[in-house]
Amino acid sequence: MAAPTQYSQEEVEELREAFSKIDVDSNGFITANELSDLFKAANFSLPGYRIREIVQNLMTAGDLNNDGQISFDEFINIVHGLKSTEVAKTFRKAINKKEGICAIGGTSEQSSVGTQHSYSEEEKYAFVNWVNTKLESDPDCKHLLPMDPNTDDLFSAVGDGIVLCKMINLSVPDTIDERTINKKKLTPFTIQENLNLALNSASAIGCHVVNIGAEDLKEGKPYLVLGLLWQVIKIGLFADIEISRNEALIALLRDGESLEDLMKLSPEELLLRWANYHLENAGCKKVNNFSSDIKDSKAYYQLLNQIAPKGEEDGIPAIEVDMTGLREQDDVKRAECMLVQADRLGCRQFVTATDVVRGNPKLNLAFVANLFNKYPALQKPENQDIDWSSIEGETREERTFRNWVNSLGVNPRVNHLYGDLADALVIFQLYEKIKVPVEWSRVNKPPYPKLGGNMKKLENCNYAVELGKNKANFSLVGIAGQDLNEGNHKLTLALMWQLMRRYTLNILEDIGGGEKVNDDTIVRWVNQTLSEAGKDPISGFKDGQISTSMPVLNLIDAIQPGSIRYDLLKMEDLSEEEKLNNAKYAISMARKIGARVYALPEDLVEVKPKMVMTVFACLMGRGLKKV
């Protein structure tokens, strides 16, 4: 994982971002096909056979493991080697587009620091139509909608923060308390608050918002707006593609496969399996991706025909899919005929006929996810020998840690906390975030061999525990590498908590000029701030008054006087529902004044000391910045 010394840390981060854009299925690797598509996206004027030769040469030189896949390390070496090749200039230009293979037909813009960024017109068009559809009846957005997808309306519309806040709530309901969104008589200050609220809330649901600031959104920087909006939309599209929320997905279980195997699949992998399940039922060839394999629209036609309501159940009127368009000889015309049928299902979203023919992977993935969400056409198995009790939904604590990890931009993205930490690669990235150096030469990297692969992962986990004990000085008594590798819930969460706690304290120490911070330090600062504002102190992170959220709200008001609307709150003799309403308001207000809080309202109501500590720590960080 160590980059060549020729690259600065900033350059490595740029390349990592480019790599993640090319790695559209987020599995930590890119393939020859993805590299080939990248050249095409760059409009490189070479015949197909020449591009194939170049790709083959790059694969030969860069695929250190000779496994047909390129990891980030290997990608770094390829880019470094391109300095002396004829394709260097074009290839570098392509990866610097930051939208990877999704930037076909993209538009460039010059940033204030002279860096060239590109964005995809196709994505802008798709996202504008999605936002228009989702928010068309929202009275708070009528001053902005409908946006014209053929203009730059989107980039100015996000400038007051309202649309972003609304889209976040659509993706993860109740993330933002509507009472905290400034909606009328907006000023530069209240707009700034809305944008703070949107960015910190996006981070809390697992979006990577590093290097995106309120000013960037206010200015409507296209590549940043589209990048953030895609993350928000994707989280919403993928929300129900998870077995604990949709048990009918168990119909996708294959012979010889355990339920645990199925539960480890990412949403992207489940979508591909879902599509192939229906294609197999139709007697058709399976697809390996939602890019090159769907370009002729034939798989889409068969998928639509399989999932269309037949009028036999739930009283949904039957919708007949007209298959005559399959006979159309022109790919674009055939794709358009297919989309007409998708429109009859109410699913003509995200892709145009051209996007299908070009195989735009991001937009086609969104198109398929929307199809699944509207018409999964799966039946929960009745007679299979399945232990239904083993299907547990994600706990609040697990979700908080997963969102925190993803907001830091780890690669690959974490979908299932325990399974995705089993090789410790994400844990190593977190160690680096808390300034614990990792000897990457000791780390085994994927793809792992079929025989002995788990041993390689276990070696990583042993090293992760070693780092925690010897370098991070964590308390890991009774925790071994095997516990991480096997996904022991209690012990894995113990490590995750210490990582998150250290990350939070490091931020406070950086703000405070390096002075060491602990729980007592935070409590003292909180009480001093409350006292100076004439508010009641807390006894600690277990104080029963925290269940009302009043200590948190009072601290917010002390940091930013006049920010809390006490008339919206119930302050005495609270029911559980009223406590939760206060907590929702408190968490959103903390984010609104600039604190990046990951805890959930229920953590305050139930006075969960660990999460309560992070809330007060984040507010302390915000307060110290004010000094």
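Bear in mind that the values here come from a model prediction, so they are computed numbers and not experimental data.

*Asks:* Sorry if this is basic, but what is going on with the confidence of the model for the protein here?
*Replies:* Residues shown with low pLDDT carry predicted positions that ought not to be read at fine detail. The predicted model of the protein averages 87 in pLDDT, with 80% of residues at 70 or higher. Per-residue pLDDT stays below 50 along residues 39–46; that stretch engages in 20 contacts with residues further than four places along the chain or on separate chains. Counting interchain partners and residues more than four positions distant, the pLDDT-below-50 stretch residues 97–106 has 43 contacts.

*Asks:* When you look at the environment of Ile243 in this model, what are you seeing that I'm missing?
*Replies:* Position of Ile243 among the secondary structure elements: in the loop between α11 (222–238) and α12 (259–263). With 21 residues separating them in the primary sequence, Ile243 and Lys264 have C-alpha atoms 9.8 Å apart. Leaving out residues up to four positions away in the same chain, Ile243 has contacts with Leu249, Ile250, Leu262, Met263 and Ile391.

*Asks:* Can you walk me through the packing of helix α18 (residues 396–407) against helix α22 (residues 489–511) in this structure?
*Replies:* Two measures define how a pair of helices packs: the angle their axes make with one another and the distance between the axes. In contact at an axis separation of 11 Å, α18 and α22 are set at 45° when each is read in the N-to-C sense. Comparing the axis directions of α18 and α22 gives the class oblique. Here α18 runs over α22; the crossing is left-handed. Contact with α18, carried on its side by Glu397, Glu398, Thr400, Phe401, Trp404 and Val405, involves His489, Leu493, Met496, Trp497, Leu499, Met500 and Tyr503 of α22 and no other residues of that element. Considering only residue class, the contact of α18 with α22 consists of nine nonpolar, two polar and two charged.

*Asks:* Please explain the nonpolar core as it appears in this structure.
*Replies:* As a rule of thumb, soluble globular proteins bury nonpolar side chains together. Among the nonpolar cores identified, the biggest contains 95 residues, and Leu154, Met167, Leu228, Leu271, Trp274 and Phe367 are the most heavily contacted of them. Ignoring any residue separated from it by four or fewer positions in sequence, one finds Trp274 in contact with Leu252, Leu303, Ile307, Val368, Leu371, Phe372, Tyr375, Pro376 and Leu378. Counting residues in hydrophobic clusters, the runner-up holds 81 residues, among them Ala424, Val426, Leu484 and Ile556.

*Asks:* Please clarify how the packing of helix α24 (residues 550–559) against helix α25 (residues 576–592) should be interpreted in this entry.
*Replies:* Running from N to C, α24 and α25 cross one another at 30°; their axes reach a closest spacing of 9 Å. As far as their axial angle goes, α25 and α24 are roughly parallel. Judged by the twist between their axes, the crossing of α24 over α25 is left-handed. In this structure, α24 uses Met550, Val552, Leu553 and Ile556 to contact α25, whose residues at the interface are Asn582, Tyr585, Ala586, Met589 and Ala590. For the contact of α24 with α25, the per-class residue count stands at eight nonpolar, one polar and no charged.

*Asks:* Mind showing me how you'd approach the pattern of salt bridges here?
*Replies:* Pairing between side chains becomes possible if they bear opposite charge and their charged atoms approach one another. On inspection of all chains with the given rule, the structure shows 35 salt bridges. One salt bridge connects Lys166 with Asp140, and the closest N-O pair in it is separated by 2.8 Å. Residue Lys166 is located in helix α8 (residues 162–171), and its partner Asp140 is located in the loop between α6 (121–135) and α7 (153–157); the two are separated by 26 residues in the primary sequence. On the accessibility criterion, Lys166 (5% relative accessible area) is buried. Of the residues examined, Asp140 reaches a relative accessible area of 22% and is grouped as partly exposed. With a closest N to O distance of 2.7 Å, Asp567 and Arg565 form a salt bridge.

About the criteria used
Residues numbered from 1 in each chain as written. Predicted model: local features only at pLDDT ≥ 70, side-chain atom pairs only at ≥ 80, totals over all residues. Heavy atoms only, no water. pLDDT = per-residue confidence, 0-100. Contact = heavy atoms within 4.5 Å. Helix = DSSP H or I, 4+ residues; strand = E, 2+ residues; numbered from the N terminus. Axes fitted to C-alpha atoms, helices over the stretch in contact; angles between N-to-C directions. Parallel < 35°, antiparallel > 145°, perpendicular 65-115°, else oblique. Left-handed = near helix turned anticlockwise from the far one by under 90°. Nonpolar A, V, L, I, M, F, W, Y, C, P; charged D, E, K, R; others polar. Core = buried A, V, L, I, M, F, W, Y, C linked by side-chain atoms within 4.5 Å. Buried < 20%, exposed > 50% of the residue type's maximum accessible area, 1.4 Å probe, protein only. Salt bridge = Lys/Arg side-chain N within 4 Å of Asp/Glu carboxyl O.

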